[in-house]
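# Inside the fold
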Amino acid sequence: MVNGDGAHEHTEEAETKQDGTAEADGGEESNEQEVIVIQDTGFTVKIQAPGTEPFDLQVSPQEMVQEIHQVLMDREDTCHRTCFSLQLDGNVLDNFAELKSIEGLQEGSLLKVVEEPYTVREARIHVRHIRDLLKSLDPSDAYNGVDCNSLSFLSIFTDGDLGDSGKRKKKGNELEQIDCTPPEHILPGSKERPLVPLQPQNKDWKPMQCLKVLTMSGWNPPPGNRKMHGDLMYLYIVTVEERHVSVTASTRGFYLNQSTTYTFNPKPANPSFLSHSLVELLSQISPAFKKNFHCPAKEKRHPFERIATPFQVYSWTAPQVDHAMDCVRAEDAYTSRLGYEEHIPGQTRDWNEELQTTRELPRKNLPERLLRERAIFKVHSDFAAAATRGAMAVIDGNVMAINPGEETRMQMFIWNNIFFSLGFDVRDHYRELGGDAAAHAAPTNDLNGVRAYGAVDVEGLYTLGTVVVDYRGYRVTAQSIIPGILEREQEQSVIYGSIDFGKTVVSHSKYLELLEKTSRPLKVQRHNVLNEKNDSVELCSSVECKGIIGNDGRHYILDLLRTFPPDLNFLPVDGEELPLESQRQGFPRQHRHRLACLRQELIEAFVEHRYLLFMKMAALQLMQQKANKDTKTDTPAITETSETSIENNEDTKNSSNIPGLAQAKELAETLVAEDGSDPKSREVVLNACKAVGSISNTSFDIRFNPDIFSPGVRFPDDSADDVQKQKQLLKDAAAFLVSCQIPSLVKDCLDHSALPMDGATLTEALHQRGINVRYLGTVLEFVDKTPAKAQLEHFYRIGISELITRCAKHIFKTYLQGVELSALSAAVSHFLNCFLSSFPDAVAHLPPDELVSRRKSRKRRNRVPGSGDNTAWASLTPSELWKNIASEAQSYYHFTIQCESVDQVVEKYNLQKTTLLREISVKTGIQILIKEYNFDSRHKPAFTEEDILNIFPVVKHVNPKASDAFHFFQSGQAKVQQGFLKEGCELINEALNLFNNVYGPMHVEICACLRLLARLNYIMGDHPEALSNQQKAVLMSERVLGIEHPNTIQEYMHLALYCFANGQLSTALKLLYRARYLMLLVCGEDHPEMALLDSNIGLVLHGVMEYDLSLRFLENALTINTKYHGPRSLKVALSHHLVARVYESKAEFRSALQHEKEGYTIYKNQMGEAHEKTKESSEYLKYLTQQAVALQRTMNEIYKNGSNASIMPLKFTAPSMASVLEQLNIINGIIFIPLSQKDLENLKAEVQRRQQLQELGKNEEPTEDSPLELEDKIPID
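The rules behind each value
Residues numbered from 1 in each chain as written. Predicted model: local features only at pLDDT ≥ 70, side-chain atom pairs only at ≥ 80, totals over all residues. Heavy atoms only, no water. UniProt positions renumbered as here; feature names shortened; annotations may be inferred. Helix = DSSP H or I, 4+ residues; strand = E, 2+ residues; numbered from the N terminus. Buried < 20%, exposed > 50% of the residue type's maximum accessible area, 1.4 Å probe, protein only. Contact = heavy atoms within 4.5 Å. Pairing = 2+ DSSP bridges. Axes fitted to C-alpha atoms, helices over the stretch in contact; angles between N-to-C directions. 1 Å grid on protein atoms, 1.4 Å probe; cavity = no way out; pocket = protein on both sides within 12 Å on 5 of 7 lines; lining within 4 Å. Points joined across faces, edges and corners; volume = space filled by probe spheres on them. Nonpolar A, V, L, I, M, F, W, Y, C, P; charged D, E, K, R; others polar. Polar contact = N/O pair within 3.5 Å; in protein donor to acceptor, adjacent residues only side chain to side chain. Salt bridge = Lys/Arg side-chain N within 4 Å of Asp/Glu carboxyl O. pLDDT = per-residue confidence, 0-100. Parallel < 35°, antiparallel > 145°, perpendicular 65-115°, else oblique. Left-handed = near helix turned anticlockwise from the far one by under 90°. Patch = residues over 30% accessible without salt bridge, like charges linked within 9 Å, V, L, I, M, F, W, Y side chains within 5 Å. Areas by Shrake-Rupley, 256 points an atom, 1.4 Å probe, with all protein chains shown as cover. Phe/Tyr/Trp six-rings, centres within 6.5 Å; stacked < 30°, edge-to-face > 60°. Lys, Arg positive; Asp, Glu negative; His and termini not counted. Charge placed at Lys NZ, Arg CZ, Asp CG, Glu CD.

The protein chain has the name Clustered mitochondria protein homolog in an unreviewed UniProt entry, where Lates calcarifer is given as its organism. Quoted straight from UniProt, the Function (unreviewed entry) entry for the protein chain says "mRNA-binding protein involved in proper cytoplasmic distribution of mitochondria. Specifically binds mRNAs of nuclear-encoded mitochondrial proteins in the cytoplasm and regulates transport or translation of these transcripts close to mitochondria, playing a role in mitochondrial biogenesis."

Printed below as a string of structure tokens:
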């Protein structure tokens, strides 16, 4: 698994603590009952549409009528209708009514679809919908990153849906041979990394043409006299048969009129073919349209290939797509849909009102919470899309500033009710904190604050919708607008906090009351600061956090950039010493800005760590007291009972003086139970609290004061003590990051519970442990000094490539700001040449004629933000760029890269240029043409400006969570890990329903849910179901995370296993080859995960009797396993065994024996003679020896007697599918469970035994039979 097993445990615990809903069993049961209530109440209605048979539809009472509309618009036979009403017994149903509120609607009711008259708006919606249907097979929207379309290629490898395709046909007794040879570049050891196979061409995608042109006619809008005849608009259409027609959209429907290109004649043609739907009209006038519109290719596609994703995913490569005429796209571009969002006619959306109203929805029971979370999620995803469009419009210069007189970097914009500002230090606001660097960091810090407050979700406290967009070198912050804020000066409206970083500060009782509720989950301490009059003011947040009451009466907080405390490792303060652990690593270090703060995950981990410490210290003191007490006998009765239990506990454990965790917890409980009545235990708690830095003396409670070390903030004298403690706490937290979290990350990588594969998964692994990316240099240095460095080579390499591409990104950002739009593709291709091409003197292409015209018009051009000398970019050279990268690495990451060119770097750190290209493109939003690039030519640059297709925004936003679904998912996982598979399966199915309810059908968390379900289906023997769920997981991963994301690679591997089990061998191989190709592209061959992939491929090839090929993959897996798990690991023993089996099938017994002996030795040393694995291995050795002897005897016989020798028939066995599958299950960590009651009991006992073993710290666990590695955790932000 990519996101390591143990990684999320802390965060998850933390989350339940935050929500305050760590339910006991009772809570969960009530939860389950609520769910059942929802589900039982679904019912079926009949739907009758004109011209079709009535059909049944399953609905739930919570749904709105509108959702039935949506279903009808997605159904094949009714998809061309958009303008209709649903009627029950002649009454029109209100679109926004919930089904349960409609009188007379019940099981079996008949709903009639009635065609309604069109309006201009409805006619437009209809035309747009028809165009969407025509384009549903065409991938261009996915390449262009619009309308939440994204790519998916799974169907190419499975030949459409996974039915019976790929089963080997039995011809008589012979298995039909399938072609198993992979392309050259996929074989182990190949150095080629082609790009083109990343997007295999799908024959179904040559869209079957239905129409040549569908566009608005030049005769629009209809003149007055025609309007009075009901004309709404005119369309111009060219059919595939080259027939040019002019169509009137009228209130009654669509008909042909008699206009031509140059003469206007709106009278109906003869025949006019009046139809309510444009599809019906076109089907009558164009046979090709009729044939192709309902083509089978559409039905073959899985719905997941075309459902919109909640947030836009961009592709960094695309083929050359023909630009076709498309009226709706053209119209969209010109009205820029300036917020004329279709469903709210004639007005822009009030984003702030929508975001805040959804927060105010009731949440007392499960149905209410689902509705609320679903509304919040929907508004957030719409807001993110609108904010992204707006930010691009702002940078592209299409939005007028609200302060046009100021210089460009200071301008602010409003578009579609969203406020946009640029990430520059305006009016020296951040001068003390690092100027532009601070202004660039502040928006992401603020967004993290918004996320944190949003997750705590306190009633009555509101944050702004916030999206941060990086586009063309600019950082744009998009925020929803507080009602009334634009009319007043900020000074008047801020009633809590400070607008000048703490010089003047105000507070407000209502805000203190609201923020107090967030103080515990966010670990923020209430504290006093001095204002300009030296009065003490109480705050419960950092001073920059401002409270403003909007005209809507809501309490908003904004500027949450200091929600979390400062990171002292990157904040040198005069006269303050850091703990030794930090100093040894060279901290504190100077950073670009003074806004570096610790991550929420770190705070959680630190507090968790301190809590364990607190428990242990309390337990230790109690035991000492007890030891003293044993000499005296007058012990108070209260403690007697509790302490005797500890005694017994003590004897059984027979531990040294440091008590175990379980004991510590028990002790702490006794302390709490006595509620401090006993002075001795009070003293114990007091001492322990002091030792761990708790803010309370009677219980464990650690909080941070975010204003410590903020320049400009002063504290009253009476809190000097507190401030001193807080300073110490911050120093400890900074040291904890360096001395605990970084080593624990490296340890997790060593024992492969964290397996980053690319920059994104590496960043995720760092973040899960609360390590900021600015520590990347420190992490790499730590790895470099680790004795087991060789086993961390993959991690080191990914880290270096991440560090280099991030430095390049920083440089690229400022580089792009100086480029005007007309030179953008030239500038980007020049930068990529300097970065990746071996060509030493990359020269920018500035075609001479353009230069001439550019000089002329330079005077009167309207400047875009930051445009300085517009051709300075052209003078960049490769050596200069690499010098800059090295100095950036030094100054930002404090890491030394001694390389002057890309070739030296690739050579020294063993990187691949395609990987670097992917990383830089994904980070900066570049989209390049998919073709083979020759990076290593010394004679011509790799990229030309034609190769740069697009530049996309990189968007950061809030991800609202489905909390109930998540709790179900977690309890399902827990059940599975305890061995209760059936119950686990039910809970996870439930979670899936709830996730779908909140997120809609597409989401990363649904993907994790499906993967786990598929795994359970498989373990419980339901292969077809496993296949269907895993297919959805793969499609979803491709669509939501990206076609070459490491998670997608994992999903492909799982799917291949289930295909093999289902007898679809050729499909299984195709999927494994695809996974291997993607992995080579993303991280190269040298990665521990590649060993697993190659073992899978080798086993499948062994199964289809491709022995030589199989050996190439298995031997590669053996090499990689030996390197990353150490030569004595059980994984290596298993690898030896798999290789031996193939040699046996080839009758090369000597080699087989050699490998099996190696494996046997490892088993014997690790597990002892008596272990079943050792015995199995020794049995197999005997068998091989017999076979070898028999073969030798036969050969001797042949030599002696020539051809007439009587030859004993030798057993050359092709492996049985069952035996191959068994090995596949073993290497993928799956065991099967015959589900009888007794077996289940045994299994549970076994699982418990395992857990105890783990607690005793046996690291080298037998991989082969470790059951249920099902810890697929859902990533938490």
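The rest of the description comes next.
As a further point, take the overall build of the protein chain. Within the protein chain one finds 43 helices and 25 strands. Counting every position in the protein chain, which comprises 1277 residues, the buried fraction comes to 56%. Taking the intrachain contacts of the protein chain between residues at least 6 apart in sequence as the baseline, contacts between residues at least 24 apart amount to 71%.

Okay, the sheet that holds strand S3 (residues 84-88) next. One open sheet accounts for five strands, arranged S2-S1-S5-S3-S4; its pairing is mixed. Because the sheet does not close on itself, it has two edges, and the strands there are strand S2 (55-59) and strand S4 (91-92). Looking at chain direction, S3 and S4 are connected through two bridges and run antiparallel. If you follow Gln 87 over to S4, its bridge partner there is Val 92. Along the sheet face, helix H3 (residues 65-74) touches strand S1 (43-48), S2, S3 and strand S5 (110-115) and points at about 120° away from the line of S3.

The subject of this paragraph is empty space enclosed by the protein. Applying the stated criterion across every chain, the model contains eight cavities of 30 Å³ or more. Together, 17 residues line the largest cavity, and Gln 356, Arg 359, Gly 454, Tyr 462 and Thr 463 are the ones closest to its centre. For the lining of the largest cavity, the secondary-structure elements that each account for two or more residues are helix H12 (351-359), helix H13 (366-395), helix H14 (435-456) and strand S15 (461-462). Looking at the lining of the largest cavity element by element, the count peaks at four residues for H12. When grouped by side-chain class, the residues that make up the lining of the largest cavity number nine nonpolar, six polar and two charged.

Here the focus is the side chain of Arg 475. Within the fold, Arg 475 resides in strand S17 (residues 474-480). Only 2.9 Å separates the side chain of Arg 475 from the side chain of Asp 470, close enough to count as a polar contact. Apart from residues lying up to four places away in sequence, Arg 475 is in contact with Ser 421, Leu 422, Gly 423, His 440, Pro 443, Thr 444, Val 468, Val 469, Asp 470 and Lys 956.

As a further point, take the pattern of salt bridges. One pass over the full model with this rule turns up 62 salt bridges. Note that Asp 231 is salt-bridged to Arg 226, the shortest N-O span being 2.8 Å. What makes Asp 231 buried here is its relative accessible area of 2%. Taking the relative accessible area as the measure of exposure, Arg 226 reaches 10% and is therefore buried. When the shortest N-O distance is used, the salt bridge between Lys 747 and Asp 751 registers 3.1 Å. For Lys 747, a relative accessible area of 46% puts it in the partly exposed group. Look at Asp 751 and you get partly exposed, because its relative accessible area is 39%. What emerges from the salt-bridge pattern is a single network uniting Asp 758, Glu 802, Arg 806, Arg 918, Glu 919, Lys 923 and Glu 1044.

Here the focus is the confidence of the model for the protein chain. Considering every residue of the protein chain, the mean pLDDT works out to 84; 82% of them sit at 70 or more. In the model of the protein chain, helix H19 (residues 637-653) stands out as the element of lowest mean pLDDT, 34, in contrast to strand S16 (residues 466-471), which has the highest, 98. Low pLDDT (under 50) marks residues 164-176, which in the prediction has 26 contacts with non-local residues, meaning those over four places away or in another chain.

For any two helices packed against each other, one specifies the crossing angle of their axes together with the interaxial distance. Two elements in contact, helix H37 (residues 1088-1103) and helix H38 (residues 1107-1125), have axes whose closest approach is 8 Å; the angle formed by their N-to-C orientations is 155°. On the basis of their axis angle, the class for H37 and H38 is roughly antiparallel. Crossing of H37 against H38: the hand is left-handed. Taking contact as the criterion, the partners of Pro 1088, Met 1090, Ala 1091, Asp 1094, Ser 1095, Ile 1097, Gly 1098, Leu 1099, Leu 1101 and His 1102 in H37 are, on H38, Tyr 1107, Leu 1109, Ser 1110, Phe 1113, Leu 1114, Asn 1116, Ala 1117, Ile 1120, Asn 1121 and Tyr 1124. Partitioned by chemical class, the residues of the contact of H37 with H38 number 13 nonpolar, six polar and one charged.

Before going further, it helps to spend a moment on the side chain of His 1087. For His 1087, the location among the structural elements is in the loop between helix H36 (1065-1083) and H37. Assessed through its relative accessible area of 1%, His 1087 is described here as buried. The residues touching His 1087, leaving out its near neighbours within four places in the chain, are Leu 755, Pro 756, Met 757, His 794, Ile 798, Met 1079, Ile 1120 and Tyr 1124.

Turning our attention to a nonpolar patch on the surface. Taken together, Met 1195, Ile 1198 and Tyr 1199 make up a surface patch of nonpolar side chains, about 320 Å² in accessible area. Its place among the elements puts Ile 1198 in helix H41 (residues 1172-1201).

On to the pairing of S16, then. The buried fraction of S16 amounts to six of the six residues, a majority that puts the element mostly inside the structure. In the sheet, S16 pairs with S17 via six bridges, with the strands oriented antiparallel. Residue Thr 466 lies in a different strand from S17, and its bridge partner there is Gln 479. Of the pairings in the sheet, the one linking S16 to strand S25 (residues 954-956) comprises three bridges and is antiparallel in character. Looking across to S25, one finds that Val 468 is bridged to Lys 956.

Once that is clear, we can look at the sheet that holds strand S21 (residues 546-549). The strand order across the open sheet formed by four strands is S15-S22-S21-S18, and the pairing between neighbours is mixed. The open sheet has two edge strands with one neighbour each: S15 and strand S18 (494-496). When S18 meets S21, the two strands line up antiparallel, connected through two bridges. From the neighbouring strand, Tyr 496 faces S21, where its bridge partner is Gly 547.

Bringing the packing of aromatic side chains into the picture now. Counted according to the given criterion, the structure contains 34 aromatic pairs. Taking the centre distance of 5.4 Å and the plane angle of 75° together, the rings of Tyr 118 and Phe 254 count as edge-to-face. Of this pair, Tyr 118 sits in the loop between S5 and helix H4 (120-134) while Phe 254 sits in strand S11 (residues 253-256), and the two are 136 residues apart along the sequence. As far as burial versus exposure is concerned, Tyr 118 and Phe 254 are alike and both buried. Seen from their ring centres, Phe 570 and Tyr 775 are 5.0 Å apart, and the 80° between their planes marks the pair as edge-to-face. Of the two residues, Phe 570 is situated in the loop between strand S22 (555-558) and helix H17 (580-584) and Tyr 775 in the loop between helix H23 (759-768) and helix H24 (776-785); the sequence distance between them amounts to 205 residues. Of the two residues, Phe 570 and Tyr 775, both sit in the buried class. Here the aromatic residues Phe 311, Phe 377, Phe 969, Phe 995 and Tyr 999 are joined through ring pairs into a cluster of three or more.

A cluster of like negative charges, contributed by Asp 717, Asp 718, Asp 721 and Asp 722, occupies part of the molecular surface. Turning to its location among the elements, Asp 722 is positioned in helix H22 (residues 720-750).

Before going further, it helps to spend a moment on the pairing of strand S20 (residues 536-539). Only one face of S20 is buried: it carries Val 537 and Leu 539, and the other face, with Ser 536 and Glu 538, is open. Counted between consecutive antiparallel strands, the loop separating strand S19 (residues 527-530) from S20 contains five residues, among which Asn 534 sits at a positive phi close to 65°.

Tracing the sequence through the fold places Asp 446 in helix H14. Asp 446 gets classed as buried once you look at its relative accessible area, which sits at 7%. It is 9.6 Å that separates the C-alpha atoms of Asp 446 and Val 468, two residues lying 22 residues apart in sequence. Residues contacting Asp 446, with those up to four places away along its chain left out, are Thr 466, Gln 479, Asp 559, Leu 560 and Leu 561.

Next up on the list: the environment of Thr 914. In this structure, Thr 914 sits in helix H30 (residues 913-924). The exposure class of Thr 914 is buried, given its relative accessible area of 6%. The spatial distance from the C-alpha of Thr 914 to the C-alpha of Val 1082 is 8.1 Å, given a sequence separation of 168 residues. What Thr 914 contacts, discounting residues up to four positions off in sequence, is Arg 193, Leu 195, Phe 935 and Leu 1081.

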